[in-house]
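Listed below are the residues making up each chain.
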Amino acid sequence: MIARAFLFIALGLYTAFAAGPFLWVATMSLRTTSEISRDHYAWPSTLHWEKFPQAWFNSNYSVYFENSLVVVLSAVAVLTIAGAMAAHCLARYRFRANRLVYFIIFSAIIFPPQITIIALFQSLVQYGLYNSKLGLTLVYISIQLPLTVYILESFFAQIPADLFDAARMDGYTEWQIFWKVSLPIALPAIATTVILNTILLWNEFLYAVVLITDDAKRTLPLGIQRFMGDQLEDVGMIATGLMIAIIPVVLIYLFFSEKLIQGMTAGAVK
Amino acid sequence: MRIASLIIAAACALASTAATAQTKVTLWSHWAAEKIKRDFVEDAIRRFEAANPGVKIEAQWYEKTALYAALKTALRAGTAPDIFYAEPDQTEYMENNLLLDLSSLNWGGIEPWAKEIWSHKGKPYGLPLEAWTVELFYNKKLLADLGIKVPSSMQLDAAAMTDLVKKARVRNQTPMALGAGDRPFPGAHLTHEALLKRLGVADYDNLLTGKLSWSDARVVDTLRTLRSWIDAGLLPTTFTTLKLGESHSYFHTNPGAVLFLNGSWYTSRAFNPPDKGGQPPNFPLGIMKYPAMPQAVCNECRTISVGGSFVVNAETKNGRQAIAFLNSMATPETASRWLENVLVQTGIKADYSKVGGPHAGYFKELAATSQGARYYFGIPIQKMQGKQKEVFTQVFNNAFPAGTISVDDAVKQMNAAYAK
Amino acid sequence: MQRNPIDRQPWGAISAFLLPALTIYTAFTAYPVLRTIWNSFHRVLPRKEEFVGLANYAALAKDDLFWRAVGNTFIWACASPLAEVGIALFLALALYARVPGMRFFRIAWFTPVLMSYVVVGIIWVWIYNYDWGAANAILRTLGLERWAAAWIGDPKLALPSLIFITTWMWSGFNMVVLLAALHSLPSEVIEAAELDNCGWGAKLWHIIIPLIKPTLLNLLVLSFIGKMKIFDLVWITTKGGPLWSTETVSTYLYKRAFEWSTFDLGYPSTIAAVWFVIVLLAVLGLTRALRSREKLEY
């Protein structure tokens, strides 16, 4: 029994360790910077909810949030469709180049971003897509494509062949088979990849930092740095900004935690 | 004949419409947050536009790092503005032929050493608007409280400095505010001013250009003196992460320090209203010279360098107007206006004794610290390139003042960086 | 896995399905890779590109800042997996023992992974702050004042401090995966072991671990790959300092491409190309080495 109690304490400590920083930021987001400077760890005496609208309206956070929303959602939409189509094709049709194409796409998962970023920078500048949301969206689609194809392909491959045979016998065209047979069955997996891609792209930083310079086009991860001006660090407002960035993701997680965990662990569990 | 005169008439008509059409000149600049300098440039723009109807200058204001990033890509993509802010250490612009040759500027109205700093292969490329020296600001009251008097030479000696550090620490005060959190030069001021005094102009130049080894006994000796101050607690504990703007308020507002080693452009932040990062009202500001170093060859040597300047895009279609605008600033009147309002030196020739305005007293003190000075032109990172610049910045801007690298290791790193 | 045994290939449909993905892939992944490699043999300036052959590669071989960055990245990529997976295994086993409140723990431990590296970086810079950060505050309240340090300001402590942060982030994720793996184990084997009167330790070592070995190895490889790519966290916290102690290949490349006083993109492309090869070889080597030990013993 002592062992179990000890275990429980250890787990409790670890939980404090894992969730502690997040809670600390949450409390700081409701306190002003001068209150924080007096005591960094106190519980908020007055809950300054007004800091949230302040960050949202006075500091361009609404712009950053909107940019992130537009870029991420469009990227995920295109990504899901293109990825599903490719995955369906690779899983269901046998042709000689099949495994080769799959390997080429799949291997891109290990590519370090450095190998593409300089040339992407050059290409986007060349075609006038530098410092544009469109350019960033296109790049975002390309970076998550390999993972999406990988996850969906293994799922599509598990659909029993009889369903396809039956559909074909009913005179469905290839496209209809994809749209009316594969997709509906694969909806759980697709939902998972959508959630996964949304979270990964929502938090993406490196490509955004290289490819966007205009303040008005910044996504949220870049925008968070706005409060880190060259005067005194406005800890309180930064904390509020961090909460605005974290909250959407936390909400998605709370509602879809099972799906999300499944998705993020897909392929990791054999 | 009739056709010829028709053509000539048409050409004249076209020319006159072209002349009265608005020419738009674009300008990108740093100083978005430095009101005084920004106001000065906007005023210069207004004056120029008034004197030159038909030309409109459109200015866009940035923070320095954002500006440099935007320029790098804009220049590459061919979408850069006609005029932009630059500093002389950005030799990459000149090396890649991205700047317009400014030989046709009125160089008679500009200090020759400032022109020299902006010259590349014999041609000048920038208007040296801002010039600055490294000054040692201090809080008169705090210094008096420590019982330390500044001699009439306005320069403490090394022993007095050591004494100051010890006394301040006893009272739990930070002797000198300084922060290298977001700039590659403030921390290095401590070292390069000391080395300049000990070595003199010629050998200091040799040191920076790699002709003198960093293992030279005089260099090592100077570094050891500095190290003794640092070890005694000269700088704030948060030195490594303290940002430039924060270091200013660290000095004059909270928590307050005795000394502050900064460029003479200190005023463009300090004389802002207090809620915008400026000094509290009636702050007892004093200026003195950087301490004399033991066995120094030239204690009156100091660094002067060119700061914010304006350059012209080589691919501009409005070269004539751009150069005209820059020329409008290369006059003694503009220089006086700059001095009186911005209170920083300038590369434009000016009569310093005629400076009036509400802060004339401050300017007299500033001029007093430069009395009898021998100048070295340029801070180290304006003289170094590539790896040497990177190593110098990491070692002398960050690690050495923070006390995380020993004198011997610092010397070793620098020698290795210069080795071919 | 059943494959659809159709003989006539509907090439029209196949190409149509693959077209969007392949177009994007070619334009934004394949082409940039090739262009970067092409860049690496040139000096790439705004108005011209000159062929320099292997000059960039020769310079890279002598670039000790690059090799320092490679070293740091490898240290990170090797230490992290061990820490992250080790802790995760302990936690998963603890939860597997059906401790009450399991669902709550699972959710709480997974949250660090959801946050952007930017958010994580800012929070941990505050935690590591010398004067008022949580790390030193906790040490001071415990009376361990001596151990309070400038965690990310000291060249000797900066890299371990950053590794600590990624461990904090990813242990929860690994734990969730391992827990799923544990739950999917065939219960007969465990029951059989119980019948054989195996002690807890023996049960663990000889039965459970070998059974989840594939998952463990997968997590190690994923963690390794992730750390080889790391950029965001370093950029927000230390930017590669102090004194290059946290300089990773990605931060060094970014600086050479966008911050050094030069427009040349050729040399940074060389860095990217060489690093690309190093990463591929490392991942191949790692998976091969681990796979040979993947024998299930019953």
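Conventions and cut-offs
Residues numbered from 1 in each chain as written. Chains lettered and ligands numbered in written order. Predicted model: local features only at pLDDT ≥ 70, side-chain atom pairs only at ≥ 80, totals over all residues. Helix = DSSP H or I, 4+ residues; strand = E, 2+ residues; numbered from the N terminus. Rg over C-alpha atoms; globule rule 2.2 N^0.38 Å. Contact = placed C-beta atoms within 7 Å. Buried ≥ 20, exposed ≤ 12 C-beta atoms within 10 Å, placed from the backbone. Core = buried A, V, L, I, M, F, W, Y, C linked by C-beta atoms within 7 Å. Domains from an automatic or database assignment. Axes fitted to C-alpha atoms, helices over the stretch in contact; angles between N-to-C directions. Left-handed = near helix turned anticlockwise from the far one by under 90°. Pairing = 2+ DSSP bridges. Nonpolar A, V, L, I, M, F, W, Y, C, P; charged D, E, K, R; others polar. pLDDT = per-residue confidence, 0-100. Right-handed = clockwise from strand over helix to strand, strands pointing away. Parallel < 35°, antiparallel > 145°, perpendicular 65-115°, else oblique.

A. Broad picture of the overall build of chain B. When helices and strands are tallied, chain B shows 17 helices and 14 strands. A compact globule built from 420 residues would reach a C-alpha radius of gyration of about 22 Å, and chain B, at 24 Å, matches this within 12%. Based on the C-alpha atoms only, the size of chain B along its principal axes is roughly 95 × 55 × 35 Å. In chain B, of all internal contacts separated by at least 6 residues, the share reaching a separation of at least 24 is 77%.

B. Broad picture of the overall build of chain C. When helices and strands are counted, chain C shows 12 helices and 2 strands. Secondary structure elements of chain C occur, N-terminal to C-terminal, as α-β-β-α-α-α-α-α-α-α-α-α-α-α.

C. Looking closely at helix 5 (residues 117-127) of chain C. Most of helix 5 of chain C sits out of view: 10 of its 11 residues are buried. Of the positions making up helix 5 of chain C, those classed as buried are Tyr117(C), Val118(C), Val119(C), Val120(C), Gly121(C), Ile122(C), Ile123(C), Trp124(C), Trp126(C) and Ile127(C).

D. Layout of the nonpolar core. Ala86(A), Leu152(A), Leu211(A) and Leu242(A) are the most contacted members of the largest nonpolar core, which totals 156 residues. Looking at this core element by element, the count peaks at 15 residues for helix 4 (residues 61-92) of chain A. Counting contributing residues, this core receives three or more from each of domain 1 (1-49) and domain 2 (54-265) of chain A. Excluding residues within four positions of it along the chain, Leu242(A) makes contact with Val25(A), Ser29(A), Ile224(A), Val119(C) and Ile122(C). With 124 residues, the next largest nonpolar core counts Ala80(B), Leu143(B), Val165(B) and Trp214(B) among its residues.

E. Region of interest: the packing of helix 2 (residues 35-51) of chain B against helix 12 (residues 319-329) of chain B. All names here are of chain B. Interhelical geometry of helix 2 versus helix 12 gives an angle of 115° and a closest axis separation of 10 Å. For the pair helix 2 and helix 12, the crossing hand works out as right-handed. Residues Ala44, Arg47 and Phe48 of helix 2 touch helix 12, and the partners they reach there are Phe325, Ser328 and Met329.

F. Summary view of the pairing of strand 12 (residues 301-306) of chain B. Most of strand 12 of chain B sits out of view: 6 of its 6 residues are buried. Residues Cys301(B), Thr303(B) and Ser305(B) point to one face of strand 12 of chain B and Arg302(B), Ile304(B) and Val306(B) to the other, with burial holding for every one of them.

G. Structural view of the sheet that holds strand 2 (residues 55-61) of chain B. Residues and elements named next belong to chain B. A sheet is described by the order of its strands in space; here 5 strands give the open sequence 2-1-3-13-6, paired in mixed fashion. A strand with exactly one partner marks an edge of an open sheet, and here the two such strands are strand 2 and strand 6 (126-127). Both strand 6 and strand 13 (residues 309-312) contribute to a ladder of 2 bridges, which runs antiparallel. Each residue of the ladder has a partner; that of glycine 126, found in strand 13, is valine 311. Across the sheet, helix 2 lies against strand 1 (23-29) and strand 2, angled at about 165° from strand 2, the strand it touches most.

H. Looking closely at the domain arrangement of chain B. All names here are of chain B. For chain B, the assigned domains are domain 1 (23-130 + 307-350) and domain 2 (132-305 + 369-418). Spacing between the C-alpha centres of domain 1 and domain 2 amounts to 29 Å. With 16 residues of domain 1 at the interface, the matching set in domain 2 holds 15 residues. The class makeup of the residues in the side of domain 1 that touches domain 2 is 7 nonpolar, 3 polar and 6 charged.

I. Looking closely at the environment of Thr79(B). All names here are of chain B. Here threonine 79 is to be found in the loop between helix 3 (64-77) and strand 3 (83-86). Its 15 C-beta neighbours within 10 Å are what place threonine 79 among the partly exposed residues. Residues threonine 79 and glycine 147, 68 residues apart in the sequence, show an inter-C-alpha distance of 58 Å.

J. The environment of Leu144(C), seen in detail. Secondary-structure assignment places Leu144(C) in the loop between helix 6 (134-141) and helix 7 (158-183). For Leu144(C) and His206(C), which are 62 residues apart along the polypeptide, the C-alpha to C-alpha distance reads 40 Å.

K. Structural view of the interface of chain C and chain A. Chain C puts 71 residues into the contact, and the matching count from chain A is 70 residues. Looking at the side of chain C that touches chain A, the elements with two or more residues in it are helix 1 (11-39), helix 3 (64-96), helix 4 (102-114), helix 5, helix 7, helix 9 (200-228), helix 11 (249-258) and helix 12 (266-291) of chain C. If one sorts the elements of the side of chain C that touches chain A by residue count, helix 1 of chain C sits on top with 15 residues. Partitioned by chemical class, the residues of the side of chain C that touches chain A number 54 nonpolar, 13 polar and 4 charged.

L. Structural context of the confidence of the model for chain C. Residues and elements named next belong to chain C. For chain C, per-residue confidence averages 85 on the pLDDT scale, and 88% of positions sit at 70 or higher. Element-level pLDDT for chain C is lowest in helix 8 (residues 187-195), with a mean of 66, against a maximum mean of 94 in helix 2 (residues 55-61). With a pTM of 0.87, the predicted complex shows an ipTM of 0.85.

M. Just the pairing of strand 1 of chain B, in detail. Residues and elements named next belong to chain B. By the bridge criterion, 7 bridges tie strand 1 to strand 2 in an arrangement that is parallel. Considered in strand 2, the bridge of threonine 23 is made with valine 55. Assessed by its sense of winding, the connection that carries the chain from strand 1 through helix 2 to strand 2 is right-handed.

N. Structural detail: the interface of chain C and chain B. In this complex, chain C contributes 16 residues to the contact, which on the side of chain B involves 21 residues. Residue composition of the side of chain C that touches chain B, grouped by class: 10 nonpolar, 4 polar and 2 charged.

O. Expanded view of the packing of helix 8 (residues 186-209) of chain B against helix 9 (residues 217-231) of chain B. Residues and elements named next belong to chain B. It is at 9 Å that the axes of helix 8 and helix 9 come closest, and there the two elements cross at 170°. Relative to helix 9, the element helix 8 is oriented roughly antiparallel. Residues Leu190, Thr191, Ala194, Leu195, Arg198, Leu199 and Leu207 of helix 8 pack against Arg218, Val219, Thr222 and Leu226 of helix 9. Partitioned by chemical class, the residues of the contact of helix 8 with helix 9 number 7 nonpolar, 2 polar and 2 charged.

P. Quick look at unusual backbone geometry. With an omega of 0°, the peptide bond running from Asn254(B) to Pro255(B) counts as cis. Tracing the backbone through its elements, the reader meets Pro255(B) in the loop between helix 10 (244-252) and strand 10 (257-263). Phi at Leu243(C) takes a positive value of approximately 55°, unusual for a residue other than glycine. Checked against the element boundaries, Leu243(C) lands in the loop between helix 10 (232-237) and helix 11. The class for Leu243(C) is buried, based on 24 C-beta atoms found within 10 Å.

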